[in-house]
Amino acid sequence: MLLAKLIRRSSSRQSAPPCLCQLVTPHHITDWTCVQLPFRACLSERPLVRWVNTSANLCASEQGQHQPREHLRSTRQDLPQVAPASRSTNPEEIRKFAELANQWWNPHGAFRPLHAMNPVRCKFLRDALCLSLKIDPGQAEPFKNLSFLDVGCGGGILAEALARMGANVTGIEPQHDNISAAIAHAQADPVVAERTTYLAVTAEELASSGAQFDAVMGLEIIEHVDQPQQFLKTLGSLTKSDGALFISTINRTPRGYALAILGAEHVTGVVPVGTHDWNKFLTPEELVMLTEGTGLELEQLAGMVMNPYNGTWALSTSTEVNYIAYFSKVSLADRLQQKQQLGVNSKAADLAST
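Note that the structure is a prediction, hence the values are computed from the model and not measured. (Residues numbered from 1 in each chain as written. Predicted model: local features only at pLDDT ≥ 70, side-chain atom pairs only at ≥ 80, totals over all residues. Heavy atoms only, no water.)

Asker: Requested: an account of the overall build of the chain, with residues and values cited.
Answerer: Scanning the chain from N- to C-terminus turns up twelve helices and twelve strands. Of all 354 residues assigned to the chain, the portion counted as buried reaches 51%. Counted over contacts in the chain with a minimum sequence separation of 6, partners at least 24 positions apart contribute 71%. Element-wise, carbon and sulfur atoms account for 56% of the exposed surface of the chain, whose accessible area totals about 16400 Å². (Helix = DSSP H or I, 4+ residues; strand = E, 2+ residues; numbered from the N terminus. Buried < 20%, exposed > 50% of the residue type's maximum accessible area, 1.4 Å probe, protein only. Contact = heavy atoms within 4.5 Å. Areas by Shrake-Rupley, 256 points an atom, 1.4 Å probe, with all protein chains shown as cover.)

See below:
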C-alpha cells in the first residue's frame with residue numbers, strides 16, 4: 001500500500017489573531033510535491049520499557065530495576081528535573097485542565113468530545129499499527145507486550161482503551177489531580193489497572209530519564225503547548241528506533257476556528273470557553289515541517305469528522321478541521337539504505353533513458 005507524504009518546500013505561517021476578518025485570508029503556502037512512500041513495519045517485537053509484576057505491586061524496567069508501583073505513579077522524585085525554560089508545557093493550560101480533573105469520566109461533561117472521538121482515534125491507531133506489523137486487526141489484543149506512551153493522558157481515556165487492546169501503557173501528565181483521576185478510574189478494571197502506569201511528569205522529564213517506547217501518542221495535546229517543535233523533538237526521543245508516533249490536533253483554518261472555537265465553545269458550550277487558542281492550531285504541512293531533523297517520517301494522515309446529527313466521528317480524507325497523523329521513527333541504518341536505494345534507482349533511470 002502506498003501512502004502520500006506531503007513535503008512543504010516553502011511557506012510562512014499566518015500569525016494574526018483569530019478575528020473573523022483575518023480568518024478569510026488564505027495561508028501563503030506554495031510549491032508542494034506529493035511523494036509516494038511505502039508503508040513499512042515500524043515496531044520491533046520486544047519493548048524497551050515494559051511495566052510488569054503488578055500483581056506483586058512492583059514495576060520493572062528492562063534494566064531490572066524494581067520500585068513500588070504506586071511510587072512510580074505519583075511522583076517525580078526519581079526523574080531528572082528539567083528547567084522551566086526547557087519545558088514545552090504552558091502553566092496556564094495545566095491549571096485550566098486541573099480545574100476539570102473531576103470531569104474526565106463524565107461522558108456528558110467538559111470532555112464529552114474526547115469520549116465521542118476516542119473510538120475513531122483508536123481505529124486509526126489500530127489499523128495503522130496492525131498493517132505495519134502485519135497483525136490481524138481482528139484479534140482481541142493485537143498490541144500484547146508492546147509498550148505505549150500516552151502523553152497528556154488526562155484521566156486515562158485513551159490509555160485505558162489501548163490497555164484493553166493488550167498494550168502496556170504509561171500515561172503522563174504534569175498535573176497530579178489528573179493523574180489521581182486516571183489511577184482511581186483504572187482500579188475499577190483489574191486488567192486495565194495491571195497494564196497502566198501513570199506518572200505526574202512532563203514529557204521532557206521522562207525523556208531525560210532515557211525511557212523509550214514502541215509507540216508514543218500525543219493526541220489533542222500539541223495545540224496546548226507553547227513550543228510545539230521542542231515538544232515533537234521530545235516525543236521523537238521517547239520513541240524507539242523503528243517505533244511509531246501519533247499526533248492528532250486541529251487544523252488552523254477558518255472552518256477549524258468556526259467549529260472548534262465559535263461552535264464548540266461559544267455556541268453549543270460543548271467545551272469550556274478558552275479551551276483552544278486558534279493561533280496554536282497547526283496545519284498538517286506545518287506539523288510535518290516541525291518534525292524535520294527528528295528522524296520522524298510521515299506515513300499516514302487522515303481527517304476526523306463529526307456527524308452533527310448523531311455526534312459520532314469517522315475517518316475522512318478531509319483534514320480541514322480535525323486530523324490525525326502517523327509518523328515512523330526511521331533508524332540511521334534505514335536512512336542510509338534509503339539513500340543508497342535512491343542512488344541505485346537514479347542510475348538505473350539514467351541508463352534506461354540512454
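Asker: Break down the nonpolar core for me, citing the residues and quoting the values.
Answerer: Counting residues in hydrophobic clusters, the biggest one holds 39 residues, and the most contacted among them are L125, F143, F148, L162, Y198, M217 and F246. By residue number, the principal contributor to this core is helix 4 (residues 112-133), which donates nine residues. When sequence neighbours within four positions are dropped, the list of residues in contact with L162 reads L125, F148, A167, V169 and M217. Judged by nonpolar contacts, the second largest core, of 28 residues, contains L149, A211, F213 and V288. (Core = buried A, V, L, I, M, F, W, Y, C linked by side-chain atoms within 4.5 Å.)

Asker: I'd like a description of the sheet that holds strand 12 (residues 322-329), backed by residues and values.
Answerer: Spatial ordering of the open sheet is given by 7-6-5-8-9-12-10-11, a layout of eight strands whose pairing is mixed. The open sheet has two edge strands with one neighbour each: strand 7 (196-199) and strand 11 (313-316). With direction set aside, neighbouring strand axes in the sheet form an average angle of 20°. Bridge analysis of strand 10 (residues 296-306) against strand 11 gives four bridges, and the strand direction is antiparallel. Bridge pairing in strand 11 places G303 opposite S316. The strands touched by helix 5 (residues 157-164) within the sheet are strand 5 (147-151), strand 6 (168-172), strand 7 and strand 8 (213-219), with strand 7 carrying the most contacts at an inclination of about 155°. Across the sheet, helix 9 (residues 228-238) is in contact with strand 5, strand 8, strand 9 (239-250), strand 10 and strand 12; its angle to strand 9 comes to roughly 145°. (Pairing = 2+ DSSP bridges. Axes fitted to C-alpha atoms, helices over the stretch in contact; angles between N-to-C directions.)

Asker: So, the pairing of strand 12: which residues are in play, and what are the values?
Answerer: The buried fraction of strand 12 amounts to eight of the eight residues, a majority that puts the element mostly inside the structure. Residues of strand 12 alternate between two faces, with N322, I324, Y326 and S328 on one and Y323, A325, F327 and K329 on the opposite face, all of them buried. As paired strands, strand 9 and strand 12 are joined by seven bridges and run antiparallel to one another. Residue pairing in the sheet places L245 in a bridge with F327 of strand 12. In the sheet, strand 10 pairs with strand 12 via eight bridges, with the strands oriented antiparallel. Bridge pairing in strand 12 places E297 opposite S328.

Asker: Could you give an account of the side chain of T294, naming the residues involved and the relevant values?
Answerer: With respect to the helices and strands, the residue T294 is situated in the loop between helix 11 (284-290) and strand 10. In terms of polar contacts, T294 uses its side chain to reach the backbone carbonyl oxygen of T291, at 2.4 Å. (Polar contact = N/O pair within 3.5 Å; in protein donor to acceptor, adjacent residues only side chain to side chain.)

Asker: Tell me what's going on with the packing of helix 4 against helix 5, and back it up with residues and numbers.
Answerer: Relative to each other, helix 4 and helix 5 sit at 40°, their axes nearing to 10 Å. Considering their axes alone, helix 4 and helix 5 lie oblique with respect to each other. In terms of crossing hand, the pair formed by helix 4 and helix 5 is right-handed. Between helix 4 and helix 5, the contacting residues are L114, H115, N118, R121, C122 and L125 on the first element and I157, L158, A161 and L162 on the second. Looking at the contact of helix 4 with helix 5 residue by residue, the class counts come to seven nonpolar, two polar and one charged. (Parallel < 35°, antiparallel > 145°, perpendicular 65-115°, else oblique. Left-handed = near helix turned anticlockwise from the far one by under 90°. Nonpolar A, V, L, I, M, F, W, Y, C, P; charged D, E, K, R; others polar.)

Asker: Before we move on, can you summarise the pattern of salt bridges with the specific residues and values?
Answerer: Scanning the entire structure with this criterion turns up nine salt bridges. For the salt bridge of R164 with E160, the shortest nitrogen-to-oxygen distance reads 3.4 Å. Of this pair, R164 and E160 both sit in helix 5, four residues apart, which is roughly one turn of the helix. The partly exposed category is assigned to R164, whose relative accessible area is 41%. The buried category is assigned to E160, whose relative accessible area is 1%. A salt bridge links D226 to K280, with the shortest nitrogen-to-oxygen separation between them at 3.1 Å. Of this pair, D226 sits in the loop between strand 8 and helix 9 while K280 sits in the loop between helix 10 (254-267) and helix 11; the two residues are 54 residues apart in sequence, bridging distant segments of the chain. Judged by relative accessible area, which is 40%, D226 ranks as partly exposed. When salt bridges that share partners are traced, they join E141, K144 and R195 into one network. (Salt bridge = Lys/Arg side-chain N within 4 Å of Asp/Glu carboxyl O.)

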